[in-house]
Amino acid sequence: MPEPVLSIRDLVVDFGTEDGVVHAVDGVSYDIHPGETLGVVGESGSGKSVTVMSILGLIPQPPGRIVRGEAFFKGVDLLKVNKRELREIRGKDIAMIFQDPMTSLNPVFTVGDQIAEAMEVHDSSLNDDRLRAKAIELLELVGVPNAQRRVDQYPHEYSGGMRQRAMIAMSIANQPSLLIADEPTTALDVTIQAQILEVMKTAQRETNAATIMITHDLGIIAEMADRVVVMYAGHVVEVGDVGTIFHRPRHPYTLGLMNSLPRLEVDERWLKPIPGQPPSMINLPPGCPFHPRCELFQGREACRTERPPLDPIESQHHRAACHFKHELKNETSKFAQEGAAS
Amino acid sequence: MTDPNLSASQPLPQKPKKTESSISQREKSEGADPVGTQAAELSTVYEEGLEVKARSQWQLAFGRFLRHKLAVASLILLLLIFAAGIFAGQIAPYSFREQVPLDARLAPTLEGQHYFGTDVLGRDYFSRTLFGIQTSIRVALLVALLSTLIGTVIGSISGYFGGWIDNLLMRFVDLILTLPILAVLLVIAALAGQGSPTRVAIILALFFWTTLARIIRGNFLSLREKEYVEAAKASGASDMRIIFRHMLPNSFGPIIVNATLIVATAILVEATLSFLGFGVQPPTPALGKLIDDNRGFMSSLPWLVIAPGATIVAMVLCINFVGDGLRDALDPTQRRLRA
Amino acid sequence: MFTYILRRVLYSIPVLIITSFLIFSFVQISGDPLNQVRQIPRVSQSTIDSIIERNNLDDPFVLQYVYWVQSVFTEGFGTTLLSNAPILPDIKRVLGNTLQLIIAAEILAVVLAAIIGVVSAVRQYSIFDYVATTFSFLGFATPSFFLALILQITFTNIFLATDTRIFYTSGLSSAGADNFLIDRMQHLALPVITLAVLGIAQFSRYVRASMLEVVNSDYVRTARAKGVKQRTVVMKHALRNAMIPFVTAIALDFGALFGGAIVTETVFSIDGMGRYLVDNLGSRDVYPVMAWLMVTSVIVIVFNLVADVIYGYLDPRIRYD
């Protein structure tokens with residue numbers, strides 16, 4: 001496999017709160033390779049957003065604190081560069097799309113201005129006409145109708161879906177090599193979601209960028225991702241390509257996730273949720289973070305005291321952090337059982 | 001192992017980060033529960049230190065308040081000052097009008113208990129200040145009470161019924177707020193109502209209710225849409241019942257905070273009115289009047305102006321700190337930007 | 001944009017009319033305007049009669065209102081009840097003085113509050129922030145008359161000790177001053193400071209809160225993610241949004257300054273609107289009082305209008321209302 005575009009190694013990020021220290025990201029490592037779409041799945045609080053935000057320097061410190069770790073982007077450790085260099089990379093080589101397009105655009109500036117700003121900040125040689133022309137081009141690319149007129153409108157005059165398209169346009173304006181989308185469709189209607197995913201695919205084609213797709217929606221992962229990273233309570237619990245993760249997950253959490261999804265074609269009497277609650281991030285249980293809810297735990301010491309390493313299963317491409325993952329060898333998720341296509 | 005009661009919504013459960021901790025989190029996601037009717041939280045016991053204690057709303061708020069040392073210290077000082085004022089009759093070494101000509105023009109001293117000094121006529125200012133505090137308290141508390149009542153009634157009606165009633169009332173409020181308040185108060189006081197603390201209090205209350213009304217109205221407007229109000233309506237509850245039982249308790253926090261701040265403002269305005277001569281009339285003691293009486297002697301007897309003035313500042317400062325602490329204690333979900 | 005302004009202007013007119021009616025009825029209701037006069041021992045019945053005659057005081061209420069409105073336009077608020085002196089020249093004079101005071105105070109307050117507020121927000125929890133917050137809390141707790149008096153004592157003592165005048169502690173100007181402007185500024189300095197302090201205390205908290213909210217908003221996060229410089233983020237993205245409520249607050253607060261001026265002018269013996277009101281209230285002369293209220297209302301309403309217009313300019317969401 002070619003060199004990863006971004007390589008996160010053992011990242012630890014803490015937050016100081018009134019009630020104690022939250023280990024939002026607790027030893028997270030994963031890679032993303034050029035051109036691929038990496039899905040990062042997890043519940044709220046799993047640390048999936050904080051991971052990428054801290055790499056880009058978007059976490060306020062205090063109360064946040066990057067305790068340790070490395071994040072190599074094209075050979076440079078983003079956690080060690082100075083603010084100015086990081087700023088030059090943000091929005092140009094690495095671009096980010098946020099969750100809520102309603103609030104992510106500044107209400108007092110036109111959409112065109114904001115897209116132009118993304119370009120102008122990194123290349124002050126561009127004149128106003130050029131910037132405007134480029135902005136219109138981008139808006140057309142992402143499918144905003146009537147781009148010539150729309151470019152001078154304000155965000156409140158756009159619909160939710162259009163705003164997100166504009167956000168995507170803004171993010172690819174400088175042809176980034178890495179695109180990070182943090183729950184880009186969560187705030188949108190389901191029908192619009194599909195459209196936006198299409199727009200994202202267009203954006204990817206245009207830029208050949210690698211994409212990190214952060215979401216809690218497994219449907220989106222199935223649709224968009226090549227590989228998947230599963231996170232829980234600030235830890236990576238499983239990594240693999242999308243087919244493997246869906247059909248033959250080897251971490252009890254991932255398996256639980258897959259099995260908790262309702263199937264439309266099958267008559268199920270009860271849904272199978274994962275029992276228990278997500279942990280309090282301040283008082284994390286020692287050892288494996290998932291063990292209080294885990295089927296495999298069964299009172300075993302190892303789970304309670306030792307943090308399971310992210311070890312390969314049969315190959316480097318599929319890894320899971322569980323002491324007893326081999327016990328899942330013959331388990332397949334219900335997707336595989338029904339012979340669902342990858 | 002699978003408990004159908006523990007639901008997981010599709011796709012993945014979206015739970016707030018700190019599910020087991022303070023109720024404030026739940027308030028944020030589900031809409032505030034009525035204070036007092038909120039049952040204690042379920043306690044969930046997990047292995048190794050994931051235990052959570054059950055605590056009621058009020059206890060949580062009280063705990064939060066105690067954490068603000070400044071607020072607590074201010075509360076203590078405030079209570080001391082208030083007690084001094086309330087019991088002025090018992091504590092004051094001299095009566096309000098008593099003159100001891102031999103002791104005139106004394107700087108603050110321990111002799112003869114003239115802690116704040118005496119004026120040209122030999123009146124003891126410590127005593128006079130104490131009585132002044134008493135008047136301030138009387139007026140301010142009455143104002144707070146009346147304004148809260150009026151504001152709550154109007155705000156509730158406006159917010160609950162909405163529509164043209166709301167429009168009318170709020171325009172009316174806007175109109176009132178249009179004019180400079182002090183000026184209007186002066187005019188009213190001059191033409192219609194100086195004299196007793198009660199009268200002054202009523203006049204002040206006629207203007208102080210507006211902020212509270214706005215807040216409650218805002219609260220009600222948003223609460224109206226909540227499901228439990230619709231449910232109550234559907235089950236036939238009367239408007240009154242809905243207002244009192246379901247919606248008003250929700251607003252207790254802001255009401256308390258606002259009422260506290262009204263007390264502070266009332267003290268300031270009453271002092272200003274009496275300074276200008278349009279407030280509480282002599283012989284009733286008033287801090288503002290005490291200062292006005294001695295304006296001419298500022299160079300020679302400055303403490304006669306400073307002592308009552310400092311008292312006002314101390315009271316209002318403490319009330320503001322306490323109010324700030326209360327605001328944090330009762331409504332921590334608001335992103336509070338405090339001292 | 002134009003229709004927005006037009007609508008706002010049209011809306012103000014009924015407000016003005018209602019306000020005038022309210023002022024009139026309210027003042028008239030609070031008692032017989034001639035109360036004070038009747039109590040003066042040497043006033044004869046015929047004097048009282050002529051006063052009644054001249055001011056139409058025995059006509060029905062509504063008619064009196066009409067006469068009064070008429071007098072506002074034709075005679076410039078007419079004449080005082082007691083001495084039959086024209087009101088307009090007095091009002092013009094005192095209004096001019098007070099406006100100098102108020103406008104200077106407002107500008108000072110706005111500029112300082114904006115700076116303090118923005119810096120406090122950007123450097124939250126720093127020493128600057130704590131000092132500014134302490135100052136604000138003190139500002140809220142100090143009645144303006146007390147502050148005025150303290151300033152008076154201080155500068156009087158400075159003068160007595162050093163024999164140099166930094167600021168004057170009373171009046172609007174000294175006779176025979178070399179430089180009129182400097183002299184006026186020296187006289188107005190303390191009153192302006194007194195008036196401004198409360199405004200600074202209040203507004204700096206407001207700006208701080210507004211900035212903090214804006215600085216933590218999603219669109220600021222987007223701007224940062226785009227690679228915009230921190231300073232630009234604050235000055236361009238954050239400030240522009242934070243100013244919107246601030247501007248409205250300033251304009252709306254203008255009315256309160258008239259109230260503050262009352263106290264300040266009393267303490268510093270300034271011949272302004274405040275003093276005018278207090279004096280006429282003292283003698284219970286209703287016509288000047290009504291004139292005062294009317295003039296103040298007009299100014300306040302105009303300022304509200306200005307605030308609305310500026311708000312519409314700053315916030316594009318409002319324009320298409």
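Here is what the cut-offs are and how they apply
Every chain is numbered independently, its residues counted from 1 as its sequence is written. Numbering of ligands from 1 and lettering of chains from A proceed in the order in which they are written. This being a predicted model, a pLDDT of at least 70 is required before a residue's local features are given, and a value of 80 or more before pairs of side-chain atoms are given or counted; all residues contribute to the totals for chains, interfaces and linings. What counts as a contact is two residues whose backbone-derived C-beta atoms lie within 7 Å of each other. Each helix is a run of H or I in the DSSP string that is no shorter than four residues. Each strand is a run of E no shorter than two, and both are numbered from the N terminus. Residue polarity follows a fixed list, in which Ala, Val, Leu, Ile, Met, Phe, Trp, Tyr, Cys and Pro are nonpolar, Asp, Glu, Lys and Arg are charged, and the others, Gly among them, are polar. Two strands make a pair as long as DSSP finds a minimum of two bridges between them. Convention adopted: a line fitted to C-alpha atoms gives each axis, helices being fitted over their contacting stretch, and angles between N-to-C directions are expressed from 0 to 180 degrees. Oblique is the label for every angle not falling under 35 degrees (roughly parallel), over 145 degrees (roughly antiparallel), or within 65 to 115 degrees (roughly perpendicular). Crossing handedness is read from the near helix: turned anticlockwise from the far helix by less than a right angle, it gives a left-handed crossing, and turned clockwise, a right-handed one. Partly exposed residues are those whose C-beta has more than 12 but fewer than 20 other C-beta atoms within 10 Å; with 20 or more the residue is buried, with 12 or fewer it is exposed, and the C-beta atoms are placed from the backbone. Each residue carries a pLDDT value, the predictor's own confidence for that position, ranging from 0 to 100. The domain boundaries here were taken from an automatic or database domain assignment. One nonpolar core equals one set of buried Ala, Val, Leu, Ile, Met, Phe, Trp, Tyr and Cys residues connected by C-beta atoms within 7 Å.

Caption draft 1: Inspection of the interface of chain B and chain C at higher detail. Listed as interface residues are 31 residues of chain B and, on the opposing side, 37 residues of chain C. Looking at the side of chain B that touches chain C, the elements that each hand over two or more residues are α6 (163–178), α7 (181–193), α11 (252–276) and α13 (303–330) of chain B. Among the elements that make up the side of chain B that touches chain C, the one with the highest residue count is α7(B) (eight residues). Its residues assigned to classes, the side of chain B that touches chain C shows 25 nonpolar, five polar and one charged.

Caption draft 2: Spatial organisation of the pairing of strand β4 (residues 64–73) of chain A. Residue and element names in this part refer to chain A. Taken together, the eight bridges between strand β1 (residues 6–17) and β4 define a ladder with antiparallel strand orientation. Opposite L6, over in β4, you have F73 as the bridge partner. As judged from the two bridges shared by β4 and strand β5 (residues 76–77), these two strands associate in the antiparallel manner. By the bridge assignment for β5, F72 is matched with D77. A loop of two residues connects β4 with β5, the two strands running antiparallel in sequence, and K74 in this loop sits at a positive phi of about 50°.

Caption draft 3: Spotlight on the packing of α13(B) against helix α6 (residues 127–141) of chain C. Close contact between α13(B) and α6(C) brings their axes to 8 Å; oriented N to C, the two are set at 125°. By the angle between their axes, α13(B) is oblique relative to α6(C). Between α13(B) and α6(C) lies a crossing of right-handed hand. Contacts from B:V313, B:V316, B:L317 and B:N320 in α13(B) reach C:F137, C:F140 and C:A141 in α6(C). When grouped by side-chain class, the residues that make up the contact of α13(B) with α6(C) number six nonpolar, one polar and no charged.

Caption draft 4: Region of the structure containing the sheet that holds β5(A). Strand order in the open sheet formed by four strands is β2-β1-β4-β5 (chain A), with antiparallel pairing between adjacent strands. Edge strands, defined here as strands with exactly one partner in the open sheet, are β2 (20–32) and β5 of chain A.

Caption draft 5: Examining the pairing of strand β10 (residues 235–241) of chain A more closely. Residues and elements named next belong to chain A. With six of seven residues buried, β10 is to be regarded as a mostly interior element. With six bridges connecting them, strand β9 (residues 227–232) and β10 associate as antiparallel partners. The residue of β10 that forms the bridge with R227 is D241. Turn length for the β9-β10 hairpin, with the two strands adjacent in sequence and antiparallel, is two residues, and the turn residue A233 shows positive phi of about 50°.

Caption draft 6: Representation of the sheet that holds strand β11 (residues 311–313) of chain A in the model. Residue and element names in this part refer to chain A. Ordered in space as β6-β7-β8-β3-β9-β10-β12-β11, the eight strands form an open sheet in which the pairing is mixed. Lying at the two open borders of the sheet, with one neighbouring strand each, are β6 (94–97) and β11. Averaged over all neighbouring strand pairs, the angle between strand axes comes to 25°, with direction disregarded. Where β11 lies against strand β12 (residues 315–320), three bridges are found, and the strand directions are antiparallel. Considered in β12, the bridge of P312 is made with R319.

Caption draft 7: Spotlight on the packing of helix α5 (residues 88–122) of chain C against helix α8 (residues 180–215) of chain C. All names here are of chain C. As a packed pair, α5 and α8 sit with axes 6 Å apart at the nearest point and diverge in direction by 35°. Once α5 is placed against α8, the crossing between them reads as right-handed. Broken down by class, the residue content of the contact of α5 with α8 amounts to 24 nonpolar, five polar and one charged.

Caption draft 8: Fine view of the confidence of the model for chain C. Taken residue by residue, chain C gives an average pLDDT of 82. The fraction at 70 or more is 91%. The ipTM, which scores confidence in the relative placement of chains, is 0.84 for this predicted complex, and the corresponding pTM is 0.77.

Caption draft 9: Expanded view of the domain arrangement of chain C. Residue and element names in this part refer to chain C. In terms of domain boundaries, chain C breaks down into domain 1 (2–74) and domain 2 (91–320). In this structure, domain 1 and domain 2 have C-alpha centres spaced 32 Å apart. With 16 residues of domain 1 at the contact, the number on the domain 2 side is 15 residues. Mapped by element, the contributors of at least two residues to the side of domain 1 that touches domain 2 are α1 (2–29) and α2 (35–39).

Caption draft 10: Quick peek at the nonpolar core. In this structure, B:L185, B:L186 and B:A266 are the most contacted members of the largest nonpolar core, which totals 155 residues. With 16 residues, the single largest contributor to this core is α8(C). Not counting residues up to four positions away in its chain, the partners in contact with B:L185 are B:I203, B:L204, B:F207, B:V269 and B:L273. Grouped together as the second largest cluster of nonpolar side chains are 101 residues, A:A71, A:L255, A:C288 and A:A320 included.

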